[in-house]
Amino acid sequence: MPNRTVQPRVLQPKPLTREAFAAFGDVIEISDRATHFAINDGHTERYHDLASVDVTKDGGRTLINMFRSTPLVQPVALRMMERHPLSSQAFIPISNQPYWVVVAPAGEFDINQLQAFLAGPQQGVNYHAGTWHHYCLALHQVSDFMVIDRGGPGANCDLIELDGSLSLAVL
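Residues numbered from 1 in each chain as written. Predicted model: local features only at pLDDT ≥ 70, side-chain atom pairs only at ≥ 80, totals over all residues. Heavy atoms only, no water.

### Side note on the overall build of the chain
For the chain, the helix and strand inventory stands at one helix and 16 strands. The principal-axis extents of the C-alpha atoms in the chain amount to approximately 60 × 40 × 30 Å. Burial analysis of the chain (171 residues in total) assigns 43% to the buried set. Restricting to contacts in the chain with at least 6 residues of sequence separation, those with at least 24 account for 83%. Accessible area for the chain stands at about 8,900 Å²; split by element, carbon and sulfur atoms hold 52% of it. Averaged over its 12 positive side-chain charges, the chain has a centre that lies 4 Å from the centre of its 17 negative ones. (Helix = DSSP H or I, 4+ residues; strand = E, 2+ residues; numbered from the N terminus. Buried < 20%, exposed > 50% of the residue type's maximum accessible area, 1.4 Å probe, protein only. Contact = heavy atoms within 4.5 Å. Areas by Shrake-Rupley, 256 points an atom, 1.4 Å probe, with all protein chains shown as cover. Lys, Arg positive; Asp, Glu negative; His and termini not counted. Charge placed at Lys NZ, Arg CZ, Asp CG, Glu CD.)

Spelled out as structure tokens, the structure:
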């Protein structure tokens, strides 16, 4: 049985970086560290291959969706986590607002392995297949996200409930 109950505690989000997030997925952002090159007669800079989108297992297909997320009252008590065992799932903010990312490693869920990140308004994330994550957590304002994930046959969303004893630090 997964460890889902702990004494009340606060999870302090840390800055979202490629290195800190690597175990959970990809950070999608314009960065000099990304492969990039000029296209369109030099009028466009292409930041190339920023995430490994993985949706084809068991007959899946790519979906492009828009999500609108409403901020929760702070401090945010964590009451659920989800994972997508058949695919990755990418969130790309389009509202120029920061947001929270809460994740735990793939495999058996362990609340003690949760990590929180503060994503900047120009940073997206692509969760690897099976990575536990909270749903979109808009920080200060209603925020829109482009979401790339899997459609098709098979159960691709596992949910677990948490008791709310773990919360995010107020920002």
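Picking up after the structure, the text goes on.
### Details of the pattern of salt bridges
Evaluation of the coordinates by the stated rule reveals three salt bridges. Here arginine 68 and aspartate 144 are joined by a salt bridge, their closest N and O atoms 2.6 Å apart. Placement of arginine 68 in strand β6 (residues 61-69) and of aspartate 144 in strand β14 (residues 143-151) is noted, with a sequence separation of 76 residues between them. Here arginine 83 ties to aspartate 158 by a salt bridge, and the two come within 3.0 Å at their closest N and O atoms. Taken together, the residues arginine 83 in strand β7 (residues 80-83) and aspartate 158 in strand β15 (residues 158-161) connect sequence positions 75 residues apart. The exposure class assigned to arginine 83 is partly exposed, which follows from its relative accessible area of 22%. We classify aspartate 158 as partly exposed; its relative accessible area is 26%. (Salt bridge = Lys/Arg side-chain N within 4 Å of Asp/Glu carboxyl O.)

### Quick word on the sheet that holds strand β8 (residues 89-93)
Taking strand neighbours across the sheet as the criterion, the five strands line up as β3-β11-β8-β14-β6 in an open arrangement whose pairing is antiparallel. Since the sheet does not close on itself, it has two edges, and those belong to β3 (25-28) and β6, each with one partner. On average, each strand axis in the sheet is inclined to that of its neighbour by 15°, with strand direction left out of account. Judged from the nine bridges that link them, β6 and β14 form a sheet pairing that is antiparallel. Looking across to β14, one finds that asparagine 65 is bridged to valine 147. (Pairing = 2+ DSSP bridges. Axes fitted to C-alpha atoms, helices over the stretch in contact; angles between N-to-C directions.)

### Some details on the nonpolar core
Among the nonpolar cores identified, the biggest contains 18 residues, and Leu11, Leu78, Met81, Val102, Phe109, Leu114 and Leu168 are the most heavily contacted of them. At the level of secondary structure, the elements contributing two or more residues to this core comprise β9 (99-104) and β16 (166-168). Excluding anything up to four places from it in sequence, leucine 168 contacts Val10, Leu11, Pro13, Pro75, Val76, Leu78, Trp100, Val102, Ala116 and Leu137. Counting 15 residues, the second largest nonpolar core, distinct from the first, contains Val27, Tyr99, Val101 and Ala119. (Core = buried A, V, L, I, M, F, W, Y, C linked by side-chain atoms within 4.5 Å.)

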